[in-house]
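Structural description and commentary
Read off the chains here:
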Amino acid sequence: MPKIVFVETDGTEKEFEVADGLSVLEAAHKNGIDLEGACEGSLACSTCHVVLDEEWFDKLDEPSEDEEDMLDLAFGLTETSRLGCQIIMSDELDGLRVKLPAATRNMMVDK
Ligand code: FES
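In the annotation of an unreviewed UniProt entry, the entry for the chain reads 2Fe-2S ferredoxin, and the organism field reads Thalassospira profundimaris. Looking at the Cofactor (unreviewed entry) heading of the UniProt record, one finds this comment for the chain: "[2Fe-2S] cluster". Listed in UniProt under the heading Sequence similarities (unreviewed entry), the comment for the chain reads: "Belongs to the adrenodoxin/putidaredoxin family."

Rendered as C-alpha cells:
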C-alpha cells in the first residue's frame, strides 16, 4: 500500500498507509486529517486544496481545466497547488508529501 505524508499547518508530519485508488482527500478523512473537501470530490469547491513538493507535483498528471478553474479560487494558491480529491493514490505515488494550506475559503453555502 502506498504511503502518504500529511504536513499539517503547524509543521507536524503524519504518515499513513492508504489503499490504492483512494484520493488524497479520502485518505485524509480516513485518518482524521483536517482537510475539508466540502463538495466531496465533485470539483465544485476548493476546500480540498493541498500543496505538494515540486518533485511530486511534476510526477502527477496535469490538472484538468475544471481543476485549474477551482484552484484559481483557492486561498493561498501556490505554484504546486492541487485539489486533494483529484490526486489518486497508487504505488507510483508512494511517499507522497502533501502540505495542508494555512487556510481555506469555503465557497459552499452552509445549509
Ligand atoms: S472536494 Fe471539492 S473540489 Fe475537491
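Under the definition given, this model contains five salt bridges. The residue E8 makes a salt bridge to K14 at a minimum N-O spacing of 3.4 Å. Here the salt bridges share partners, and the residues they tie into one network are E13, D53, R97 and K99.

Right, let's talk about the environment of V24 for a bit. Structurally, the position occupied by V24 is in helix α1 (residues 24-30). Once the C-alpha coordinates of V24 and C48 are considered, the two residues, 24 residues apart in sequence, prove to be 8.8 Å apart. In contact with V24, not counting residues within four places along its chain, are I4, F6, G84, I87, M89, L96 and V98.

Turning our attention to helix α3 (residues 65-72). E67, M70 and L71 are the residues of α3 that are buried. Axial view of α3: buried residues confined to an arc of 100°, hence all on one face. Residues of α3 that are exposed and angled more than 90 degrees away from the buried face: E65 and D72. Check the buried side of α3 and you find it contacts β3 (49-52) and β4 (81-83).

What counts, and where the lines are drawn
- Residues numbered from 1 in each chain as written.
- Predicted model: local features only at pLDDT ≥ 70, side-chain atom pairs only at ≥ 80, totals over all residues.
- Heavy atoms only, no water.
- UniProt positions renumbered as here; feature names shortened; annotations may be inferred.
- Salt bridge = Lys/Arg side-chain N within 4 Å of Asp/Glu carboxyl O.
- Helix = DSSP H or I, 4+ residues; strand = E, 2+ residues; numbered from the N terminus.
- Contact = heavy atoms within 4.5 Å.
- Buried < 20%, exposed > 50% of the residue type's maximum accessible area, 1.4 Å probe, protein only.
- Arc of directions from axis to C-beta.

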